[in-house]
Amino acid sequence: MNATLIDRIRSALDMDVVRTLPLAGGCVGDVSAAELASGERVVVKAAPAGTNAKLDLEGWMLSYLHDHSALPVPSVRHAAPDLLIMEHVVTSGGMTASAEQEAADHLAALHAIRGDAFGLERDTLIGGLDQPNTETASWVTFFAEQRLLYMAGEAHTAGRLPAALMHRVEDLCGRLPTWLSEPAHPSLIHGDMWTGNVLCDGGRIAGFVDPAAYYADAEIELAFSTLFGTFGDAFFSRYQEHRPLAPGFFEERRDLYNLYPLLVHVRLFGGSYVQSVERTLKKFGA
């Protein structure tokens, strides 16, 4: 961590920095731990100069979840476009069955929080990419226009999604009501539920980080949690004690909802994720 960044932390928190330690992770910018003169440790995300990082949006989402739910997220100490300072969350060990069950309790409670519309009061980010959230009365319309069509368009413009697949996404969006219906209410979701964003400590959930929050059909969160094996049977058994899933989730809707994070990964990385998108489109006849 360079002297200029240490000076900025000192200025933002009105506290001297004793030492710093690099941390793993960080899709946008570098992540470090900073020990303050008070003995407190904070996590610092810093974006390189000249980038359009929007770390203030990440801080805003963490604060929104903190203020509107009981989901354990780190408190935000300072949020600027190129600098985010957060509470340090102590972690040890990985995901266990007991941690999955506790995560299910947390997420079921989060999903019970109702919004007035699908979306959010402001646009946010997912994986450093812009995520539009114009509030919409219909979930199916929101998912089609602001998730699938938007991200497919971004991936196509970036040269990572072929035009033929873009047209097939458009075809699928015209037939979404075949598989999707309107949920009972918009649910608040974390929005980026993969293993790296779920922090554990001794078989317990220590916190959730890096949100892409908005109000949605809660099933899109559950689907994402299976894409990279974040949660399994222990999670879903406990979750359904709180909020039973309608038939067809694992057979159809899970893959349909996971088309969105797959398109995010196509936009970011291309490669094999393009084939994953193609397989999903083929499954649904597009």
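Procedures and definitions
- Numbering of residues starts from 1 in every chain and runs along the sequence as written.
- Only residues with pLDDT of at least 70 get local features here, since the model is predicted, and only at 80 or more are side-chain atom pairs given and counted; chain-wide, interface and lining totals rely on the full set of residues.
- The side-chain quantities take in all heavy atoms of the structure and omit both hydrogens and water.
- Here the aromatic set is Phe, Tyr and Trp, taking the six-membered ring for Trp, and pairing holds for ring centres within 6.5 Å; pairs whose planes are under 30 degrees apart are stacked, those over 60 apart are edge-to-face, and all others are tilted.
- Strands are runs of DSSP state E lasting at least 2 residues, helices are runs of H or I lasting at least 4, and numbering of each runs from the N terminus.
- Per-residue accessibility, obtained with a 1.4 Å probe over protein chains only, is compared with the maximum for each type, and a residue is labelled buried under 20%, exposed over 50%, and partly exposed between these values.
- By nonpolar core we mean a set of buried residues, namely Ala, Val, Leu, Ile, Met, Phe, Trp, Tyr and Cys, connected to one another through side-chain atoms within 4.5 Å.
- The criterion used for residue contact is that any of the two residues' heavy atoms lie within 4.5 Å.
- To obtain each axis, a line is fitted to C-alpha atoms, and for helices this fit is confined to the stretch in contact; angles are then taken between N-to-C directions over 0 to 180 degrees.
- Throughout this description, any angle smaller than 35 degrees is read as roughly parallel, any larger than 145 degrees as roughly antiparallel, any in the 65 to 115 degree range as roughly perpendicular, and the remainder as oblique.
- In this scheme the handedness of a crossing depends on how the near helix is turned from the far one: anticlockwise by less than a right angle means left-handed, clockwise means right-handed.
- Residue classes follow a fixed rule: Ala, Val, Leu, Ile, Met, Phe, Trp, Tyr, Cys and Pro count as nonpolar, while Asp, Glu, Lys and Arg count as charged, and any other residue, Gly among them, counts as polar.
- To estimate how far a helix should reach, multiply one less than its number of residues by 1.5 Å.
- For two strands to be treated as a pair, DSSP must find at least two bridges joining them.
- What counts as a salt bridge is simple: a side-chain nitrogen of Lys or Arg found within 4 Å of a carboxyl oxygen of Asp or Glu.
- Read the arc as the range of directions from the helix axis to the C-beta atoms.
- A cavity here means a set of points on a 1 Å grid, drawn over the protein atoms and nothing else, where a 1.4 Å probe fits but cannot get out; a pocket is an open set with protein on both sides within 12 Å along at least five of seven lines, and a residue lines either one if it has an atom within 4 Å of a point.
- Grid points are joined across faces, edges and corners, and a volume is the space filled by probe spheres set on the points.
- Pairs of N or O atoms within 3.5 Å make up the polar contacts considered here, provided that, within protein, one atom can donate a hydrogen while the other can accept it, and that residues adjacent in sequence are counted only when both atoms are side-chain atoms.

Enquirer: Any chance you could explain the packing of aromatic side chains here in plain terms?
Expert: The description of an aromatic ring pair rests on the distance of the ring centres and on the angle between the ring planes. All chains considered together, the criterion is met by 16 aromatic pairs. Seen in terms of ring centroids, phenylalanine 143 and tyrosine 257 are 5.1 Å apart; in terms of plane orientation they differ by 80°. Their pairing is edge-to-face. One end of the pair, phenylalanine 143, is in helix α4 (residues 139–157); the other, tyrosine 257, is in helix α8 (residues 249–257), and 114 residues separate them in sequence. Given the relative accessible area of 0%, phenylalanine 143 is considered buried. On the accessibility criterion, tyrosine 257 (1% relative accessible area) is buried. Taken together, a centroid distance of 4.9 Å and an interplanar angle of 75° make the contact between phenylalanine 249 and phenylalanine 250 edge-to-face. Put simply, the rings of Phe118, Trp139, Phe142, Phe143, Tyr214 and Tyr257 touch in pairs and so form one group of aromatic residues.

Enquirer: What's the story with the nonpolar core in this structure? I'm lost.
Expert: Nonpolar side chains in soluble globular proteins tend to end up buried together. Trp139, Phe143, Leu148, Leu161, Leu172, Leu176 and Phe235 are the most contacted members of the largest nonpolar core, which totals 77 residues. Look past the residues within four positions of tryptophan 139 in its chain and what remains in contact with it is Phe118, Ser181, Glu182, Pro183, Tyr214, Ala216, Asp217, Ile220 and Tyr257. Residues Val42, Val44, Ala46 and Ile85 belong to the second largest nonpolar core, which totals 12 residues.

Enquirer: I would appreciate a short explanation of the packing of α4 against helix α9 (residues 259–269) in the present structure.
Expert: In a packed pair of helices, the relevant descriptors are the angle between the two axes and the axis-to-axis distance. Viewed as axis vectors pointing N to C, α4 and α9 meet at an angle of 25°, and their least axial separation amounts to 8 Å. As far as their axial angle goes, α9 and α4 are roughly parallel. Helix-helix and strand crossings are classified by hand; for α4 and α9 the assignment is left-handed. On α9, the residues touching Phe143, Arg147, Leu148, Met151, Ala152, Glu154 and Ala155 of α4 are Leu259, Tyr260, Leu263, Val264, Val266 and Arg267. A class-by-class count of the residues in the contact of α4 with α9 yields 10 nonpolar, no polar and 3 charged.

Enquirer: Any chance you could explain helix α3 (residues 97–111) here in plain terms?
Expert: Here α3 contains 15 residues, and its C-alpha end-to-end distance of 21 Å stays within 8% of the 21 Å for a straight helix at 1.5 Å per residue. Taken as a whole, α3 has its buried residues at Ala99, Glu100, Glu102, Ala103, Ala104, Leu107, Ala108, Leu110 and His111. Check the buried side of α3 and you find it contacts α2 (55–68), β8 (187–189), β9 (198–201), β10 (204–208), α6 (219–227) and α7 (233–242).

Enquirer: Would you mind going over the pairing of β9 with me for this structure?
Expert: Successive side chains on a regular strand alternate, one facing one side of the sheet and the next facing the other. Note: β9 against β10, 4 bridges, orientation antiparallel. The residue of β10 that forms the bridge with cysteine 200 is isoleucine 205.

Enquirer: Help me out: how do you make sense of the pattern of salt bridges in this one?
Expert: Proximity of charged atoms lets side chains of opposite charge pair with each other. Applying the stated criterion across every chain, the model contains 15 salt bridges. When the shortest N-O distance is used, the salt bridge between arginine 77 and glutamate 40 registers 2.5 Å. Of this pair, arginine 77 sits in strand β4 (residues 76–80) while glutamate 40 sits in the loop between β2 (30–36) and β3 (41–46), and the two are 37 residues apart along the sequence. With a closest N to O distance of 3.1 Å, arginine 168 and glutamate 278 form a salt bridge. Taken together, the residues arginine 168 in helix α5 (residues 163–173) and glutamate 278 in helix α10 (residues 272–283) connect sequence positions 110 residues apart.

Enquirer: Any chance you could explain α5 here in plain terms?
Expert: Structural remark: α-helix, 3.6 residues per turn; residues separated by three or four positions point the same way. Taken together, the buried positions of α5 are occupied by Leu165, Met166, Val169, Leu172 and Cys173. In an axial view of α5, the angular spread of the buried residues amounts to 120°, which keeps them on one side of the axis. Exposed side chains of α5 directed beyond 90 degrees from the buried face belong to Ala164 and His167. Residues of α5 that are buried make contact with α4, α8, α9 and α10.

Enquirer: How should I be thinking about the layout of surface pockets in this particular structure?
Expert: In this approach a probe as big as a water molecule rolls over the atoms, and the regions it shows empty are the leftover space. Its boundaries defined by the atoms lining it, the second largest pocket holds a volume of some 360 Å³. Counting only elements with at least two residues in the lining of the second largest pocket, the list comes to α6 and α8.

Enquirer: I would appreciate a short explanation of the side chain of serine 69 in the present structure.
Expert: Structurally, serine 69 can be placed in the loop between α2 and β4. One polar contact links the side chain of serine 69 to the main-chain carbonyl oxygen of leucine 65, over a distance of 2.6 Å. Here leucine 71 takes part through its backbone nitrogen, which lies 3.2 Å from a polar atom of the side chain of serine 69. Those residues within four positions of serine 69 in sequence are excluded, and the remaining contacts are Leu110, Ile113 and Leu188.

Enquirer: Which parts of the structure should I look at to understand empty space enclosed by the protein?
Expert: If you walk through the whole model with that rule in mind, you get 2 cavities of 30 Å³ or more. Estimated volume of the largest cavity: approximately 60 Å³. As for the largest cavity, its lining consists of Ile126, Gln131, Ile189, Gly191, Tyr214, Ile220, Glu221, Phe224, Tyr260 and Pro261. Those elements that provide at least two residues to the lining of the largest cavity are α6 and α9.

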